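# Architecture and fold: a report
One-letter residues, chain by chain:
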Amino acid sequence: MKFFDKKIGPFKLWWFVAAWTALLILIVVGSFADLAISKAVVNPDNFLGKTCESFGYLFGFSCLPAIGAMLFVALVKKENVWWKKALGIAIPALFIIVAIYITAGEATGDAGYSWRLPTWAGYLIASLFQILAFVGYVFLVDRSISSKELILKSLAAFFGVFACLVLVTFVLKKIAYRPRFRAMVYDNAENGTVALGLGKYQNWWDWNFFHKPAWWDTEIAQGHITAENSELIKSWPSGHSNTASLIIILPIFMSVSLAKDKKYVHGITFSACMFYAALVAWLRIRVGAHFLTDVCWAILLTTLTVPASYYLTGLFAKNPSLEYREASIEANCEEAQ
């Protein structure tokens, strides 16, 4: 098969290669100009940037209800064994609860860099969004494929999400302990300091390997900011950008196409996913939360990990394969009836 005909799910492989190339070029540029770029564009009070800080996780974490939707259709709609139906309800419910908990926490925010909503409002917004997302995904899942293939796709999607989030949040951020731009420049009275003024720029490759930075002084510790829990030094890579780019899971793992003429729909879908990830990445730079290399590395990791999880699950599955098939709204409606 020719290179330009190879696919990852519904997407052409060369689209990913083009995205990887662009991201690597931006990483090289940022490696020399991260600080200069942030100094030129950062505005911590930017309206869209603060909105992204509060609600930027909503779309990305809707991949959990999407995984739940595939399991729900596979186990509840297609199986007749009671314990499989029970799992098909319990597991999606757990995924929805996790998505609500995480996104509601972000929606309540920290004063100064995001919109601080009341707890009830944050949970209401997150709950409505994730529940509606689940219902929508249940409707869109391709029911013409087997229960086993749906389960395989959901497992592949889960491993992709889990690998990305764990790698970024619990490993790489703490390996690097890179200070955010706004931690270097702006006050953070909320955390007990009047003016951090750290002034310590750190390249993305200067890792601290799970230890507090050498310049982390007693004054900051007295303000109850420790290297272990401080968000001020978790700049690389970007969690928001990583999560935002996870929406690429939806068209890869769910055989869905609303367009009757599918000639361009997959290219448009891929472009829309990348545009959304790029928008979130730009807004994270705009409010001083991340540097250019932080957001580019985050998107690169996702666009590598998710297709890899799709490919490996299909490789090790005995039967069936995960070959992408398209669904129509008409077929889904008939199945639902």
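So, here is what we can say about the structure in this document. What you see is a predicted model, and the numbers here were worked out from it, not measured in a lab. (Residues numbered from 1 in each chain as written. Predicted model: local features only at pLDDT ≥ 70, side-chain atom pairs only at ≥ 80, totals over all residues. Heavy atoms only, no water.)

The helix and strand inventory of the chain stands at 14 helices and 2 strands. Each of the 337 residues in the chain was classed as buried or not, and the buried ones make up 52%. Contacts in the chain between residues far apart in sequence, at least 24 positions, make up 81% of those at least 6 positions apart. A total accessible area of about 16,100 Å² is found for the chain, and carbon and sulfur atoms account for 67% of it. (Helix = DSSP H or I, 4+ residues; strand = E, 2+ residues; numbered from the N terminus. Buried < 20%, exposed > 50% of the residue type's maximum accessible area, 1.4 Å probe, protein only. Contact = heavy atoms within 4.5 Å. Areas by Shrake-Rupley, 256 points an atom, 1.4 Å probe, with all protein chains shown as cover.)

Right, let's talk about helix 2 (residues 47-55) for a bit. Buried within helix 2 are the following residues: Gly49, Lys50, Cys52, Glu53 and Ser54. On its buried face, helix 2 sits against helix 5 (82-108), helix 8 (181-185), helix 10 (239-244) and helix 12 (265-286). Where helix 2 begins, the capping side chain belongs to Asn46, and its oxygen is found 3.2 Å from the backbone nitrogen of Leu48. (Polar contact = N/O pair within 3.5 Å; in protein donor to acceptor, adjacent residues only side chain to side chain.)

The next subject is the pattern of salt bridges. Under the counting rule described, the total for this entry stands at 5 salt bridges. A salt bridge links Asp34 to Arg178; its shortest N-O distance comes to 3.0 Å. Here Asp34 is found in helix 1 (residues 13-41), whereas its partner Arg178 is found in the loop between helix 7 (147-176) and helix 8, with 144 residues between them in sequence. In this structure, Asp34 and Arg178 share a single accessibility class: buried. (Salt bridge = Lys/Arg side-chain N within 4 Å of Asp/Glu carboxyl O.)

Spanning 29 residues, helix 1 covers only 33 Å between terminal C-alpha atoms, well under the ideal 42 Å at 1.5 Å per step. Along helix 1, the sharpest change in direction is near 80° and occurs at Ala33. Turning to helix 1, its buried residues are Trp15, Phe16, Ala19, Trp20, Leu23, Ile27, Gly30, Ser31, Asp34 and Ser38. (Expected span 1.5 Å × (residues − 1). Bend = angle between axes of the 7 residues up to and from the residue.)

Between helix 4 (residues 63-77) and helix 5, whose axes approach to 8 Å, the crossing angle comes to 170°. Taken together, the axes of helix 4 and helix 5 are roughly antiparallel relative to one another. Between helix 4 and helix 5, the residues in contact are Leu64, Pro65, Ile67, Gly68, Leu71, Phe72, Leu75 and Val76 and Lys84, Lys85, Leu87, Gly88, Ile89, Ile91, Pro92, Phe95, Ile96, Val98 and Ala99, respectively. Along the lines of polarity and charge, the residues of the contact of helix 4 with helix 5 split into 15 nonpolar, 2 polar and 2 charged. (Axes fitted to C-alpha atoms, helices over the stretch in contact; angles between N-to-C directions. Parallel < 35°, antiparallel > 145°, perpendicular 65-115°, else oblique. Nonpolar A, V, L, I, M, F, W, Y, C, P; charged D, E, K, R; others polar.)

Taken as a whole and assessed by the stated rule, the structure comprises 23 aromatic pairs. Plain terms: the ring middles of Phe11 and Phe270 are 5.1 Å apart, the flat faces sit at 75° to each other, and that makes the pair edge-to-face. Pair noted here: Phe11 is in strand 2 (residues 11-12) and Phe270 is in helix 12, with a separation of 259 residues, a long-range link. Each of the two residues, Phe11 as well as Phe270, counts as buried. Aromatic rings pair up to connect Phe11, Trp14, Trp15, Phe16, Trp20 and Phe270 into one cluster. (Phe/Tyr/Trp six-rings, centres within 6.5 Å; stacked < 30°, edge-to-face > 60°.)

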